[in-house]
Amino acid sequence: ITVLVSAGDNGAYGRTGGFSSPAQLNAPDPGSQPLVTCVGGTTLTTGPNEVWLGEEVWNRLGLGHGATGGGVSSFWTIPNWQVPGYVTSNGGSSTYRNVPDVGALADPLTGVGIYSKINGGWVQVGGTSLSAPIWGGYMSILNAGSQYLYGTSIGFFNPTLYNIGYLLGIGYGQPSNYLFPAPDGTNGNPGQYGG
């Protein structure tokens, strides 16, 4: 099965890193565990009629509005499906688990509207606790399609995700080659936290 886990909302510093000086990089559990799909956050830009215009890594640390978690685990070794060449091209580790695996809208300043009577009506929300359920909904659609077309469930998604180019018959490639990429941005803030 696929277990989707939020990457966290404290940037590259995890739950504790931003509270020390200089900050400590931290990819916290459970998102960094090898048997989960870690979901990070993006800032989504749309146009008229909700047309997708682009996404970048969610980072509003300087404004006090959080940032996507993620980075390199200091405990879990790199899983065999996370090919080192994929993750080292953007500063990842060839020996330890790299996260997040995927991302979706999480920026509270560009988030989604929900109706909450207790909060007075419509409010805009964000965080990776939003992006993980977005991927949960997407995975349920993928799983239903797989069951309909092939008679089988997807199971654990990460090996499929990281080998998608091979499975499509066009060789190995970055998963981002087949999804909307978010190559711009960072989830750190050395000016604020040092390091």
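Up top is the structure these notes are about.
Counting starts from 1 at the beginning of each chain's written sequence and moves along it residue by residue. Two thresholds apply to this predicted model, a pLDDT of at least 70 for residue-level local features and 80 or more for giving and counting side-chain atom pairs, whereas whole-chain, interface and lining totals are computed over all residues. By convention in this description, side-chain values take in all heavy atoms of the structure and omit both hydrogens and water.

1. What to know about the packing of aromatic side chains
Filter applied, for reference: Note on aromatic contacts: the rings of Phe and Tyr and the six-membered ring of Trp form a pair at centre separations within 6.5 Å, being stacked when their planes are under 30 degrees apart, edge-to-face when over 60 apart, and tilted otherwise. Working definition: helices are DSSP H or I runs of at least four residues, strands are E runs of at least two. Numbering for both runs from the N terminus. Exposed residues in this analysis have more than 50% of their type's maximum accessible area, buried residues have under 20%, and partly exposed residues fall in between, with area computed by a 1.4 Å probe over protein chains only.
Within the structure shown, the criterion is met by six aromatic pairs. An angle of 75 degrees between the planes, with centres 5.9 Å apart, marks the rings of Trp81 and Phe156 as edge-to-face. With a gap of 75 residues between them, Trp81 in the loop between strand 4 (71–77) and helix 1 (84–88) and Phe156 in the loop between helix 2 (128–150) and helix 3 (157–162) connect regions that are remote in the sequence. Ring geometry for Trp135 and Phe157: centres 6.2 Å apart, planes at 40 degrees, overall tilted. Linking Trp135 in helix 2 with Phe157 in helix 3, this pair joins segments that are 22 residues apart in sequence. Overall, Trp135 belongs to the buried group, its relative accessible area being 7%. Residue Phe157 is classed as buried on the basis of its relative accessible area of 7%.

2. Observations regarding the pattern of salt bridges
The test is simple: Only one rule defines a salt bridge in this text: a Lys or Arg side-chain nitrogen within 4 Å of an Asp or Glu carboxyl oxygen.
The final tally for this structure, using the stated rule, is two salt bridges. With a closest N to O distance of 2.6 Å, Arg60 and Asp107 form a salt bridge. Here Arg60, found in the loop between strand 3 (52–57) and strand 4, pairs with Asp107, found in the loop between strand 6 (102–105) and strand 7 (112–116); they are 47 residues apart in sequence, far enough to count as distant. In this structure, Arg97 and Asp101 form a salt bridge, with 2.8 Å as the shortest nitrogen-oxygen distance. Judged by its relative accessible area of 0%, Arg97 is buried. Residue Asp101 is classed as buried on the basis of its relative accessible area of 11%.

3. A few points about a nonpolar patch on the surface
We count it as follows: Here a patch means residues that are over 30% exposed by relative accessible area and free of salt bridges, tied together within 9 Å if like-charged and within 5 Å if nonpolar (Val, Leu, Ile, Met, Phe, Trp, Tyr). The protein chains shown are the only cover counted for residues, whose accessible areas, like all others here, come from Shrake-Rupley with a 1.4 Å probe.
Residues Tyr148, Leu149 and Tyr150 make up a contiguous nonpolar surface patch of roughly 480 Å² in combined accessible area. We classify Tyr150 as exposed; its relative accessible area is 64%.

4. Observations concerning the side chain of Ser32
What counts is decided by this rule: The contact rule is simple, with two residues in contact once any of their heavy atoms fall within 4.5 Å.
As for its placement among the helices and strands, Ser32 is situated in the loop between strand 1 (4–6) and strand 2 (37–46). Overall, Ser32 belongs to the buried group, its relative accessible area being 1%. Setting aside residues no more than four positions away along its own chain, Ser32 makes contact with Ala27, Ser73, Trp76, Arg97 and Val99.

5. Overview of the environment of Ser131
Let me state the cut-off plainly: Counting of polar contacts relies on pairs of N or O atoms within 3.5 Å, with two restrictions inside protein: one atom must be capable of donating a hydrogen and the other of accepting it, and residues adjacent in sequence are counted only when both atoms are side-chain atoms.
Structurally, the position occupied by Ser131 is in helix 2. Ser131 gets classed as buried once you look at its relative accessible area, which sits at 0%. With near-sequence residues (within four places) excluded, Ser131 lies in contact with Val39, Gly40, Gly41, Ala104, Leu105 and Ala106. Polar contacts involving the side chain of Ser131 include one to the main-chain carbonyl oxygen of Gly40, which spans 3.0 Å.

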